[in-house]
Amino acid sequence: MINNFSDFCTELLKCGFTMGGGSSKSIFALIPYSWEEQENIDSPVKWHTGDPETDPWEWRMRALDERGDIAYSKLFFNSSGYITKEWYPYFYAVRRGKKTLDGEYADGKISAFEKRIYSVIKEMGYAPVHEIKRLGGFSKEDKSRFDRALTSLQMKMYITMCGNARKLNKAGEAYGWSSTAFCTVESFWGREFTEAASDIEPESAESRIRERILQLNPFATEKNMIKFIRG
């Protein structure tokens, strides 16, 4: 039973991956209930209480800030999810392999918005959303396309969440709400890690992930598994 953040990380390392929100999406979720359903759940784990030990919403940033073996981002069904360092290479092999952003852009598989976002993040190394918008020249009218492009880059495993940051005033003092910060996947895990992942045979990687999904959820359908694995 998961009672706190430590329990969650222990179970996640055993499983390898999980949906991040309170829904399994018919695949798998370590915390399978939402804040709307939790009144009927006998567990100290409750959404949106602000308690860093028992609130799964707080665990997102704790995992990124305190651990080096867990990735959290929009990874599955355009929604949040976790993948451990052990299992990340298999998803990377399926979704990216040896593809490059410039190559996919030339082939029309990466949008101009995605390219602009990625270029800012790659140049800065660590970029909160408000800085990506400012440096990339994105306006309020671009919000919908910006959000879609940001999610797409995460799903394609070009960028990943790596923390959060607040805006700074002219005196260098932080103010306002924090916004999510991103870095490239290569920066998050290290280039040697991603280069090794790109050498894994995609078919073999997909087969291994599928096998794990069925261990976690024997009722997962082929259609859902394909979408979950391939993004």
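Provided above is the structure to which this section pertains.
A brief report on the enclosed structure follows. (Residues numbered from 1 in each chain as written. Predicted model: local features only at pLDDT ≥ 70, side-chain atom pairs only at ≥ 80, totals over all residues. Heavy atoms only, no water.)

### Things to note about the environment of glutamate 131
1) Next: In this fold, glutamate 131 is placed in helix α6 (residues 129-136).
2) Next: Residues glutamate 131 and isoleucine 121, spaced 10 residues apart in sequence, show a C-alpha to C-alpha distance of 9.2 Å.
3) Next: Ignoring any residue separated from it by four or fewer positions in sequence, one finds glutamate 131 in contact with Val120, Met124 and Gly136. (Helix = DSSP H or I, 4+ residues; strand = E, 2+ residues; numbered from the N terminus. Contact = heavy atoms within 4.5 Å.)

### Some details on the pairing of strand β2 (residues 70-76)
1) Next: Taking burial as the measure, the 7 residues of β2 include 6 buried ones, the bulk of the element.
2) Next: In this sheet, strand β3 (residues 79-84) lies alongside β2 in antiparallel orientation, the contact comprising 6 bridges. Note that in β3 the partner of lysine 74 across the bridge is serine 80.
3) Next: Hairpin connection of β2 to β3: 2 residues between the antiparallel strands, including phenylalanine 77 at a positive phi of 55°. (Buried < 20%, exposed > 50% of the residue type's maximum accessible area, 1.4 Å probe, protein only. Pairing = 2+ DSSP bridges.)

### Side note on unusual backbone geometry
1) Next: In this model, asparagine 78 sits at a positive phi of 60°, which is unusual for a non-glycine residue.
2) Next: Of note, asparagine 78 is situated in the loop between β2 and β3.
3) Next: Not every positive phi belongs to a glycine, and methionine 157 is a case in point at roughly 65°.
4) Next: Here methionine 157 lies in the loop between α7 (143-155) and β5 (159-168).

### Observations regarding the sheet that holds strand β1 (residues 17-19)
1) Next: Strand order in the open sheet made by the 3 strands is β1-β3-β2, with antiparallel pairing throughout. Across the chains shown, the open sheet's two edge strands, defined by having one partner strand only, are β1 and β2. For this sheet the average axis-to-axis angle between neighbouring strands, irrespective of direction, equals 25°. (Axes fitted to C-alpha atoms, helices over the stretch in contact; angles between N-to-C directions.)

### Some words on the pattern of salt bridges
1) Next: Summed over all chains, the structure comprises 13 salt bridges.
2) Next: Close ionic contact of glutamate 11 with lysine 14 constitutes a salt bridge, the shortest N to O distance being 3.3 Å. A residue pair is termed a helical-turn pair when its members lie 3 or 4 positions apart in one helix, as glutamate 11 and lysine 14 do in helix α1 (residues 5-15) at 3 residues.
3) Next: With a relative accessible area of 28%, glutamate 11 lands in the partly exposed category.
4) Next: When the shortest N-O distance is used, the salt bridge between arginine 210 and glutamate 206 registers 3.2 Å. Residue arginine 210 and its partner glutamate 206 are located together in helix α10 (residues 202-216), separated by 4 residues, close to a single helical turn.
5) Next: Judged by relative accessible area, arginine 210 falls into the buried class, the value being 19%. (Salt bridge = Lys/Arg side-chain N within 4 Å of Asp/Glu carboxyl O.)

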